[in-house]
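# Structure at a glance
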There are 2 protein chains.
Amino acid sequence: MDDTERTILKATYRVLCEHGYADLTMQQIATESDLSKATIHYHYGSKERLFEAFLTYLYERYSDRLDEVSGPTARDRLDELLTIQLADTEDEPGIDFRTAMLEVRAQAPYDERIQETLSAFDATLVSALRETIAAGIEAGEFDDHVDPALAADLLTTVIKGAHTRHVAVRHPLERSHEAARTYVETYLIGETPSEVTT
Amino acid sequence: MDDTERTILKATYRVLCEHGYADLTMQQIATESDLSKATIHYHYGSKERLFEAFLTYLYERYSDRLDEVSGPTARDRLDELLTIQLADTEDEPGIDFRTAMLEVRAQAPYDERIQETLSAFDATLVSALRETIAAGIEAGEFDDHVDPALAADLLTTVIKGAHTRHVAVRHPLERSHEAARTYVETYLIGETPSEVTT
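This structure is a prediction, so every number in the text was calculated from the model and none was measured. (Residues numbered from 1 in each chain as written. Chains lettered and ligands numbered in written order. Predicted model: local features only at pLDDT ≥ 70, side-chain atom pairs only at ≥ 80, totals over all residues. Heavy atoms only, no water.)

### Observations regarding the interface of chain B and chain A
Counting residues at the interface gives 48 residues for chain B, matched by 48 residues for chain A. In total, chain B and chain A occlude about 4,000 Å² of area from one another, counting both sides; carbon and sulfur atoms represent 64% of this. Scanning the region where chain B abuts chain A turns up six salt bridges. The residue Arg165 of chain B makes a salt bridge to Asp122 of chain A at a minimum N-O spacing of 2.8 Å. For the pair chain B and chain A, the number of links is 15 residue pairs in polar contact (both at pLDDT 80 or more). Of all the elements in the fold, those that place two or more residues in the side of chain B that touches chain A are α6 (95–107), α7 (112–138), α8 (148–169), α9 (173–188) and α10 (193–197) of chain B. Looking at which element gives the most residues to the side of chain B that touches chain A, the answer is α8 of chain B, with 15 residues. (Contact = heavy atoms within 4.5 Å. Buried area = accessible area lost by both parts, 1.4 Å probe. Salt bridge = Lys/Arg side-chain N within 4 Å of Asp/Glu carboxyl O. Polar contact = N/O pair within 3.5 Å; in protein donor to acceptor, adjacent residues only side chain to side chain. Helix = DSSP H or I, 4+ residues; strand = E, 2+ residues; numbered from the N terminus.)

Below is the structure:
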């Protein structure tokens, strides 16, 4: 990726946050990036190809971010994975970007390439969670009867549901984060609800 | 609601399943219902008012369906609530309708009335789950240290996440259903993962 392409993809991010996915146009991206439409067409050919490149760029950043997660214990790493996904920070990705991504998810059944890239995001998250949970079982931090694949799957579903409810009904992310932490404490660590609440 | 209105709303459902929300038009609904566009306009005035009436109609059916849940124990009722939401049946609502509803969720931030109705769906589900869990604690079926509000919130998030992943990445609903059942067995009933897996 050259500098011009990086400029185009960053402008695409800002346009998506401001206008959503349905109204995304090459003209808006040109205006936002201070480049001509011709330059954008030269690099990406069509809005569809630009959007595919944009999703791939996001996927690479996402995957790198999950790989960077470190911490002395599996519990620390699992907490960090949940925080990356569920912390309600002022900075990116904010609710505007999550709204655009929910529009993209709803488009996936109509667009195989979008669905493939979204599946890569999903699989990467499931596998980061599963490996962390498996490492925690191995280290004796988590209950050894937990099925790491099933627990990773449930946490991924919780994360996606938290994002959907946050966008659709303004359900606070912090509340979903709390519910996910309680799940980790009781199910994975095996504290009883009474130990957690007292 | 008169018979004509019922016919229009049922046709709206079928058009949404076939074409999605973005492409919904009064003309398609007229064709599907064998009524004239003038008749539809007479009853609903605009596409926006028709769609609001449609969401309200769905909400009433949804709310009635949750109210009908019965069973000798809270555990039975909770299982039935999860089955209503997560069973992957051949009949309605199928994935086409869930795709349209995900499009609608992504529109909610741009449309206050849609967001209000979706919030009513969300609140109704949370409260059905919360009341069932509270009744189970009262009856001694569920661990009395469980916080019914937090557990209901987590299950609602799991259900919404299951629907989102089903549409966006074709994640099997059955897998999410299994993860939700495991959560109920371990966290609410207090079986350890070893008791569940053996």
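Next comes the rest of the write-up.
### Quick word on empty space enclosed by the protein
The final tally for this structure, using the stated rule, is five cavities of 30 Å³ or more. What the largest cavity holds in volume is close to 90 Å³. Listing elements by their share of the lining of the largest cavity, those giving two or more residues are α8 (148–169) of chain A together with α6 and α7 of chain B. Looking at which element gives the most residues to the lining of the largest cavity, the answer is α8 of chain A, with four residues. Of the residues assigned to the lining of the largest cavity, the class counts are five nonpolar, one polar and four charged. In this structure, the second largest cavity is lined by Arg105, Leu118, Phe121, Asp122 and Lys160 of chain A together with Arg165, Ala168 and Val169 of chain B. Residue assignment for the lining of the second largest cavity shows that the elements contributing at least two residues are α7 (112–138) of chain A together with α8 of chain B. (1 Å grid on protein atoms, 1.4 Å probe; cavity = no way out; pocket = protein on both sides within 12 Å on 5 of 7 lines; lining within 4 Å. Points joined across faces, edges and corners; volume = space filled by probe spheres on them. Nonpolar A, V, L, I, M, F, W, Y, C, P; charged D, E, K, R; others polar.)

### Regarding the packing of helix α1 (residues 3–19) of chain B against helix α2 (residues 26–33) of chain B
Residues and elements named next belong to chain B. Relative to each other, α1 and α2 sit at 115°, their axes nearing to 8 Å. With respect to their mutual orientation, α1 and α2 come out roughly perpendicular. Crossing hand, α1 versus α2: right-handed. Together, Thr7, Ile8, Ala11, Thr12, Arg14, Val15 and His19 of α1 and Gln28, Ile29, Glu32 and Ser33 of α2 make up the contact between the two elements. Taken together, the residues that form the contact of α1 with α2 break down as four nonpolar, five polar and two charged. (Axes fitted to C-alpha atoms, helices over the stretch in contact; angles between N-to-C directions. Parallel < 35°, antiparallel > 145°, perpendicular 65-115°, else oblique. Left-handed = near helix turned anticlockwise from the far one by under 90°.)

### Quick notes on the relation of the copies chain B and chain A
Between the two copies, chain B and chain A, the superposition gives an RMSD of 0.0 Å; the rotation angle is 180° and the shift along the axis is 0.0 Å. The superposition operator between the copies reduces to a two-fold rotation axis. Considering only C-alpha atoms, the residue of chain B closest to the rotation axis is Gly161 of chain B, which sits at 1.6 Å. (Least-squares fit on C-alpha atoms with pLDDT ≥ 70 in both.)

### Comments concerning the pattern of salt bridges
In total, this model carries 20 salt bridges over all chains according to the counting rule given. Taking the shortest distance from any N to any O, the salt bridge between Arg165 of chain A and Asp153 of chain B comes out at 3.5 Å. Taken together, the residues span two chains, with Arg165 of chain A in helix α8 and Asp153 of chain B in helix α8. The class of Asp153 of chain B is buried, set by a relative accessible area of 5%. Each of Asp122 and Asp153 of chain A together with Arg165, Arg175 and Glu178 of chain B takes part in salt bridges that share partners, so that together they form one network. (Buried < 20%, exposed > 50% of the residue type's maximum accessible area, 1.4 Å probe, protein only.)

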